[in-house]
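Breakdown of the fold
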Amino acid sequence: MKKRRCFYLTAVVVMTLMSICCWRLPVAAQENMTSVDNGDFGRPERTPSIFRHDAHNEKAKIDACNTCHHVYKDGKLVDNESSEDRRCADCHDLKAVGKTPSLRRAFHLRCVGCHEKIGRGPIMCGECHKK
Amino acid sequence: MDALYRFLSGPLAWVSFVVFIAGSLYRLLSMGFLVRRKEKFIFSVMSWKYSFRSIFHWITPFASVNMRRHPVMTITTFAFHICLFLTPIFLLAHGVLWDDAFNIHLWALPNGLADIMTLVVIAGGVFFLCRRMKLAEVRYLTTLSDYLLLIMVAAPFLTGFIAYHQWIDYRFFMTLHVLTGEIMLMAIPFTRLSHMLFAPFTRAYMGSEFGSVRHARDW
């Protein structure tokens, strides 16, 4: 009986710890990230683009997560909702579907599109995709 | 450098495409009107059959006597022209520009292959340069403009190659690449690069005259 209780207790503790880890993981990864994860492209032709998440957002004065991690429903941007718990590839396929841009185009529009609009930040291929 | 790159890849890109397309149409139409005014009889000898027979022979490697006499020149010129034409159109990085800007999807060459094709164009340019300087019959016909033309064609490929490999100063060579590419595009209708536009017509004319008037081969 005592053994069984001990097992349950351990299980609960382990599962709680695991869920905390999983929940903390994306955030922890974001702080330390130095490049965009290109793992969703089958055989990427270029190196992953350089991106230091926190340093970038501090410099660019971006506070709201959904500036980049947006949510679209029925083709319309949803205010006050963000998607940092999901991967870009969850919505953006390798090929464009309807109005949803392809994964590559989504990345490029999100980064280069913004840089071009505000007139700051890298816009040439090799400035992000460094050899 | 950023402002210059923005200008070159923005407004000047539009200008160069408009100049290239409008200039090409102008050259073709004005040549057509000139022929109609001065040499109207040409239309009486023109024939689809002889035109395409000639074009076919001259776009097939070694299908003419002259090509068989100069095998090295033949191989070089075919490799040069094929790579010159295909590489810029089907380069992945160029396709990405079309995709990002206009949502237009083009099939793309693998980067490794495009890299080799770029080297073929550069090597072809060096070959033509040496040929101009060495062969008496070619040197006799050569003026400064021939060298400038060669440099103009090779420049976008050379700068593109250096920029792709991110050697020396990436941003400088990238900017220079866009500029030299646009200069070449705009020069096509107004320099001897216009053989790109006129070649099918001159070939068709030669083929037709040899076929319907002289009853001889022109290859």
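Source: prediction; values computed, not measured. (Residues numbered from 1 in each chain as written. Chains lettered and ligands numbered in written order. Predicted model: local features only at pLDDT ≥ 70, side-chain atom pairs only at ≥ 80, totals over all residues. Heavy atoms only, no water.)

Our focus in this paragraph is the nonpolar core. Nonpolar side chains in soluble globular proteins generally cluster together in the buried interior. Phe-80, Val-121, Met-152, Val-153, Ile-188 and Leu-193 of chain B are the most contacted members of the largest nonpolar core, which has 20 residues in total. Taken together, the elements giving at least two residues each to this core come down to helix H6 (71-90), helix H8 (111-134), helix H10 (144-164) and helix H11 (170-187) of chain B. Of the residues forming this core, the biggest block, six residues, is contributed by H10 of chain B. Ignoring sequence-local partners within four residues, the contact set of Leu-193 of chain B consists of Leu-149, Met-152, Val-153, Met-184 and Ile-188 of chain B. Core analysis: the next-biggest nonpolar cluster, separate from the first, contains eleven residues, Met-124 of chain A together with Tyr-5, Leu-8 and Ala-163 of chain B among them. (Core = buried A, V, L, I, M, F, W, Y, C linked by side-chain atoms within 4.5 Å. Buried < 20%, exposed > 50% of the residue type's maximum accessible area, 1.4 Å probe, protein only. Helix = DSSP H or I, 4+ residues; strand = E, 2+ residues; numbered from the N terminus. Contact = heavy atoms within 4.5 Å.)

In this section: the confidence of the model for chain A. Per-residue confidence for chain A gives a mean pLDDT of 86; residues scoring 70 or more make up 81%. Taking the mean pLDDT of every element in chain A, the minimum, 63, falls on helix H1 (residues 2-32) of chain A and the maximum, 96, on helix H4 (residues 125-128) of chain A. (pLDDT = per-residue confidence, 0-100.)

Helix-helix packing: each pair is described by the crossing angle between the helix axes and the interaxial distance. Two elements in contact, helix H3 (residues 103-118) of chain A and helix H7 (residues 92-102) of chain B, have axes whose closest approach is 10 Å; the angle formed by their N-to-C orientations is 75°. Here H7 of chain B runs roughly perpendicular to H3 of chain A, going by the angle between their axes. Across the interface between the two elements, Arg-104, Arg-105, His-108 and Leu-109 of chain A of H3 of chain A pack against Leu-92, Val-96, Asp-99 and Asp-100 of chain B of H7 of chain B. Here the residues of the contact of H3 of chain A with H7 of chain B sort into three nonpolar, one polar and four charged. (Axes fitted to C-alpha atoms, helices over the stretch in contact; angles between N-to-C directions. Parallel < 35°, antiparallel > 145°, perpendicular 65-115°, else oblique. Nonpolar A, V, L, I, M, F, W, Y, C, P; charged D, E, K, R; others polar.)

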